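Residues per chain, in single letters:
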Amino acid sequence: MALLGVNIDHVATLRQLRGTKYPDPLAAAALCELAGADSITVHLREDRRHIQDRDVEMLKKTLQTRLNLEMAVTEEMVEIACDLRPNSVCLVPEKRQEVTTEGGLDVISLFEPVKNAVLRLNEKGVQVSLFIDPDQKQIEASKKTGAQMVEIHTGSYCSHPEELHQILKSIEWAKSCDLICNAGHGLDYINIQPLAKHSDIHEFNIGHSIVSRAVLIGLDQAVRDMKALLL
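Remember, it's a predicted structure, so these values are computed and weren't measured experimentally.

Caption draft 1: A look at the packing of aromatic side chains. Scanning the model with the defined rule gives zero aromatic pairs in all. Directly above the ring of tyrosine 189 sits arginine 213, whose terminal nitrogen or CZ lies 4.6 Å from the centroid.

Caption draft 2: Up close: the sheet that holds strand β1 (residues 3-7). Here eight strands make up a closed barrel; going around it, the order is β1-β2-β3-β4-β5-β6-β7-β8 and the pairing parallel. Recorded for the sheet is a direction-independent mean angle of 25 degrees between the axes of neighbouring strands. Where helix α5 (residues 111-123) meets the sheet, it contacts β3 (67-71), β4 (88-91) and β5 (127-132), and its direction lies at approximately 150 degrees from that of β5.

Caption draft 3: Examining a nonpolar patch on the surface more closely. Judged by side-chain polarity, Val215, Leu216 and Ile217 come together as a nonpolar surface patch covering roughly 340 Å² of accessible area. Relative to the assigned elements, isoleucine 217 resides in helix α10 (residues 208-217). The class of isoleucine 217 is partly exposed, set by a relative accessible area of 40%.

Caption draft 4: View of the nonpolar core. Counting 69 residues, the largest nonpolar core has Ile8, Met71, Leu91, Leu130, Phe204, Ile210 and Val223 as the members making the most contacts within it. Of all the elements, helix α4 (residues 75-84) adds the most residues to this core, at five residues. When near neighbours in sequence (up to four residues on either side) are disregarded, leucine 91 contacts Met71, Ala72, Val73, Leu105, Val114, Ala117, Val118, Val128, Ser129, Leu130 and Phe131.

Caption draft 5: Representation of the environment of aspartate 188 within the structure. Residue placement: aspartate 188 occurs in the loop between β7 (180-184) and α9 (193-196). Here aspartate 188 falls in the partly exposed class, since its relative accessible area comes to 28%. Each C-alpha atom of the pair aspartate 188 and arginine 213 lies 9.6 Å from the other, and the pair is 25 residues apart in sequence. Aspartate 188 has contacts with Ser209 and Met226, leaving out every residue within four places of it along the chain.

Conventions and cut-offs
- Residues numbered from 1 in each chain as written.
- Predicted model: local features only at pLDDT ≥ 70, side-chain atom pairs only at ≥ 80, totals over all residues.
- Heavy atoms only, no water.
- Phe/Tyr/Trp six-rings, centres within 6.5 Å; stacked < 30°, edge-to-face > 60°.
- Lys NZ or Arg CZ within 6 Å of the ring centre and 35° of its normal.
- Pairing = 2+ DSSP bridges.
- Helix = DSSP H or I, 4+ residues; strand = E, 2+ residues; numbered from the N terminus.
- Axes fitted to C-alpha atoms, helices over the stretch in contact; angles between N-to-C directions.
- Contact = heavy atoms within 4.5 Å.
- Patch = residues over 30% accessible without salt bridge, like charges linked within 9 Å, V, L, I, M, F, W, Y side chains within 5 Å.
- Areas by Shrake-Rupley, 256 points an atom, 1.4 Å probe, with all protein chains shown as cover.
- Salt bridge = Lys/Arg side-chain N within 4 Å of Asp/Glu carboxyl O.
- Buried < 20%, exposed > 50% of the residue type's maximum accessible area, 1.4 Å probe, protein only.
- Core = buried A, V, L, I, M, F, W, Y, C linked by side-chain atoms within 4.5 Å.

Below you can see the structure in the form of structure tokens.
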């Protein structure tokens with residue numbers, strides 16, 4: 001059974017739209033945990049468009065499960081993560097103009113800064129995952145950085161279901177490199193089903209579809225519904 005990590009960035013997005021104190025990402029995280037989430041993911045972006053530094057600091061203090069911090073490979077973010085020491089960090093590409101992360105991290109071209117970030121985070125006891133496209137060369141480069149995990153970017157599959165085979169192949173490549181394999185981006189209650197029973201996927205990280213469903217039926221039920229698909 002794969003684990004479920006819930007990304008609560010869009011709860012913070014609603015709050016930041018009006019500059020209010022609600023909805024509170026900490027309250028959302030607590031509800032997700034009670035509903036069965038195995039971890040909570042937040043992306044602390046350089047422009048702080050949704051999650052704020054205080055959110056991450058308070059989540060680290062209050063979560064009963066695990067905190068997975070998504071972040072860019074920058075000196076500022078590496079320093080924050082080394083001080084905070086979340087349970088895990090997922091290094092992702094980041095562009096100011098994008099609405100959401102548009103693709104995987106190019107580990108090959110960014111090998112040295114990624115390797116350096118992985119080393120510094122590992123020294124602080126933080127597991128590191130690299131968010132990458134389903135590409136064999138990127139997986140092999142990820143292994144060479146010293147990262148413990150990869151998260152396969154599933155966005156292309158979600159837009160083009162015929163690309164499922166590439167996702168499955170990438171999972172096998174990660175396994176052959178002795179990497180823990182997670183998956184995420186664009187997954188919803190329908191397209192996750194062909195992947196849900198795959199024994200080599202350690203954890204799914206899902207945000208937008210769960211928060212969107214929560215608007216209609218509540219966060220507790222939205223998380224429970226997704227969790228049930230992984231059984």
